[in-house]
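# Coordinate analysis (summary)
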Amino acid sequence: MGNIVVAPPNSAVIVSGCRGNKIVLGKCGFALWFVETARSLSLEIMTITVNSNEAETAQGVKINLKSYAQVKVRSLNADGSMNMDAIKLAATN
């Protein structure tokens, strides 16, 4: 038995397990019930908070920083096709 997994247009579902890794984009896939896991990866803009405690400036002054970064997985190539290498790289981290 297994589960049917559905990936909406703005996310990717990574199915990993005994049959290897498979990326499902904008369609449905199949994950075996007990031996595979399915995780979702958003392809939209995400905000990441970066805290730097006691960072040193070029002059040697220690400061505490809190910054924000907005990142997005580049899921399309210039010709409109899916950039599977970028999605695989984002799924590994």
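Refer to the structure above for everything that follows.
What this report covers is the structure whose coordinates are included nearby.

We now examine the sheet that holds strand E3 (residues 20-25). Read across the open sheet, the 3 strands follow the order E3-E2-E5; overall the sheet is antiparallel. Each having just a single partner strand, E3 and strand E5 (36-42) make up the two edges of the open sheet. When the angles between neighbouring strand axes are averaged without regard to direction, this sheet yields 20°. Bridge count between strand E2 (residues 11-17) and E3: 6 bridges; the pairing is antiparallel. Across the sheet, the residue bridging to Val 13 is Val 24, located in E3.

A surface patch of nonpolar side chains, about 260 Å² in accessible area, is lined by Met 46, Ile 48, Val 50 and Val 71. In terms of residue count, the dominant contributor to the nonpolar patch is strand E6 (residues 46-56) (3 residues). Along the chain, Val 50 falls in strand E6.

The subject of this paragraph is the nonpolar core. Grouped together as the largest cluster of nonpolar side chains are 8 residues: Ala 12, Ile 14, Ile 23, Leu 25, Leu 41, Leu 43, Val 73 and Ile 87. Breaking this core down by element, the ones donating at least two residues are E2 and E3. In this view, Ile 87 contacts Ala 12, Ile 23, Leu 25, Leu 41, Leu 43, Val 73 and Ser 75; residues no more than four positions away in its chain are not counted. The next biggest cluster of nonpolar side chains, apart from the first, holds 6 residues, and it includes Val 5, Ala 7, Val 15 and Ala 31.

On to the pattern of salt bridges. Tallied over the full model, the rule gives 1 salt bridge. Across the pair Glu 36 and Arg 19 runs a salt bridge, and its minimum N-O distance is 3.0 Å. Here Arg 19 lies in the loop between E2 and E3 and Glu 36 lies in strand E5, a separation of 17 residues in the sequence. Judged by relative accessible area, which is 8%, Glu 36 ranks as buried. When its relative accessible area of 53% is taken as the criterion, Arg 19 is described as exposed.

Attention now moves to the environment of Pro 8. Of note, Pro 8 is situated in the loop between strand E1 (2-6) and E2. The class for Pro 8 is partly exposed, based on a relative accessible area of 37%. When the C-alpha positions of Pro 8 and Cys 28 are compared, they lie 8.7 Å apart, and in sequence the two are 20 residues distant.

What counts, and where the lines are drawn
- Residues numbered from 1 in each chain as written.
- Predicted model: local features only at pLDDT ≥ 70, side-chain atom pairs only at ≥ 80, totals over all residues.
- Heavy atoms only, no water.
- Pairing = 2+ DSSP bridges.
- Helix = DSSP H or I, 4+ residues; strand = E, 2+ residues; numbered from the N terminus.
- Axes fitted to C-alpha atoms, helices over the stretch in contact; angles between N-to-C directions.
- Patch = residues over 30% accessible without salt bridge, like charges linked within 9 Å, V, L, I, M, F, W, Y side chains within 5 Å.
- Areas by Shrake-Rupley, 256 points an atom, 1.4 Å probe, with all protein chains shown as cover.
- Salt bridge = Lys/Arg side-chain N within 4 Å of Asp/Glu carboxyl O.
- Core = buried A, V, L, I, M, F, W, Y, C linked by side-chain atoms within 4.5 Å.
- Buried < 20%, exposed > 50% of the residue type's maximum accessible area, 1.4 Å probe, protein only.
- Contact = heavy atoms within 4.5 Å.

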